[in-house]
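# Observations on chain architecture
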Amino acid sequence: MRILIVEDEVKITQALNYLFSKQKIDVDIANDGEEGLILSSKDIYDVIVLDIMLPGVDGIQILKTIRKEGIKTPVIMLTAKDTVDDRVFGLENGADDYLVKPFATKELIARVKALARRKSTEYVGEIYEFEDIKYDVKNYLLFIEEKEYKIPLKEAMLMEMFIKKPRQVFTREQIIDRIWGLEADVLESNIEIYVHHLRKRLEETNAKIETVRGVGYMLKEK
């Protein structure tokens, strides 16, 4: 799982980064609204934790923008205000959950995990299904015709991206950001290698990874 935390209080982000890392959850952090908007618009996260009061662009503006762009990533809003009107306002603008400061970190972690489990394709336990393939995201297992195949980590991360959002085009930048990290210096040929491996695995199925010229790749039916 990979999440984005948009929060201007550095001590909070440092503490959350440490706690989520212990849960084996990858974390990217933005400490102001402008950076938060740039990162959240990449559509590479499983959950976004978004503070309302931010310097530059506030959390509600970020939320409205990504929803207008069609990004459906679950969002938990953080706020120091505990009124019904504030909660309703956030939810009406596309938030999925709401947490008032100060909050228990265990509760935030539990809510993040719960949101990450929400459906994007047919979802049973830890297994996503598309056409005649199944993928166990927790154990890196690809199921084809009742046979299971354990696949390597980066190939597994790529498979997870595709099967969670079939028919969505992922740019090469999104794939690099998701698998190698925002600061990584990765050649596009690295992506092509893992795409090639997945295509070989899917040859005898009803699913395929299609190249969208000049843009990226997507998983779709044959």
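Residues numbered from 1 in each chain as written. Predicted model: local features only at pLDDT ≥ 70, side-chain atom pairs only at ≥ 80, totals over all residues. Heavy atoms only, no water.

## With respect to the environment of Lys-24
Short version of the rule: Secondary structure elements are defined from DSSP: runs of H or I of at least 4 residues count as helices, runs of E of at least 2 residues count as strands, and each element is numbered from the N terminus. Here's how the labels work: a residue is buried when its accessible area is under 20% of the maximum for its type, exposed when over 50%, partly exposed in between, all with a 1.4 Å probe on protein chains only.
Structurally, the position occupied by Lys-24 is in the loop between α1 (10-22) and β2 (26-30). Using a relative accessible area of 73% as the deciding quantity, one classes Lys-24 as exposed. Sequence separation of Lys-24 and Met-1 is 23 residues, and the distance between their C-alpha atoms is 7.8 Å.

## Observations regarding the pattern of salt bridges
Operational definition: One speaks of a salt bridge when a side-chain nitrogen belonging to Lys or Arg is within 4 Å of a carboxyl oxygen belonging to Asp or Glu.
What the rule picks out here adds up to 18 salt bridges. Put simply, Lys-164 and Asp-46 hold a salt bridge, and the shortest N to O gap is 3.0 Å. Remark: Asp-46 occurs in the loop between α2 (33-40) and β3 (47-51) and Lys-164 occurs in helix α6 (residues 153-164); sequence separation between them is 118 residues. Take Asp-46: its relative accessible area is 10%, and that puts it in the buried class.

## A short note on the confidence of the model for the protein chain
Test applied: For every residue, the predictor states its confidence as a pLDDT score lying anywhere from 0 to 100. Contacts are assigned to residue pairs with any non-hydrogen atoms lying within 4.5 Å of each other.
Per-residue pLDDT for the protein chain averages 85, and the proportion of residues at 70 or more is 89%. The low-confidence segment residues 119-124 (pLDDT under 50) makes 13 contacts with residues lying over four places distant or belonging to another chain.

## Some remarks on the packing of α6 against helix α7 (residues 172-179)
For any two helices packed against each other, one specifies the inter-axial angle together with the distance between the axes. Note the following rule: Here the axes come from fitting lines to C-alpha atoms, over the contacting stretch only for helices, and the angles between their N-to-C directions go from 0 to 180 degrees. Should an angle fall under 35 degrees it is called roughly parallel, over 145 degrees roughly antiparallel, and 65 to 115 degrees roughly perpendicular, with every other angle called oblique. In this scheme, a crossing is called left-handed if the near helix is turned counterclockwise away from the far one by less than a right angle; it is called right-handed if the turn is clockwise.
At their nearest, the axes of α6 and α7 sit 10 Å apart, and the two run at 125° to each other. One way to sum up the angle between α6 and α7 is to call them oblique. Classified by chirality, the crossing of α7 by α6 is right-handed. For the pair formed by α6 and α7, the contact residues are Lys-154, Met-157, Leu-158, Glu-160, Met-161 and Phe-162 on the first element and Gln-174, Ile-175, Arg-178 and Ile-179 on the second.

## Here's the deal with α2
Quick note on the threshold: In this context, the arc is that of the directions from the helix axis out to the C-beta atoms. Counted as a polar contact is a pair of N or O atoms within 3.5 Å, where, for protein atoms, one must be capable of donating a hydrogen and the other of accepting one, and residues adjacent in sequence contribute only when both atoms are in side chains.
Burial in α2 covers these residues: Gly-33, Gly-36, Leu-39 and Ser-40. Buried residues of α2, seen end-on, are gathered within an arc of 125° and therefore sit on one face of the element. Looking at α2, the residues exposed on the side facing more than 90 degrees away from the buried face are Glu-34 and Ile-38. At the N-terminal end of α2, a side-chain oxygen is found 3.1 Å from the backbone nitrogen of Glu-34, two or three residues along, and the residue is Asp-32.

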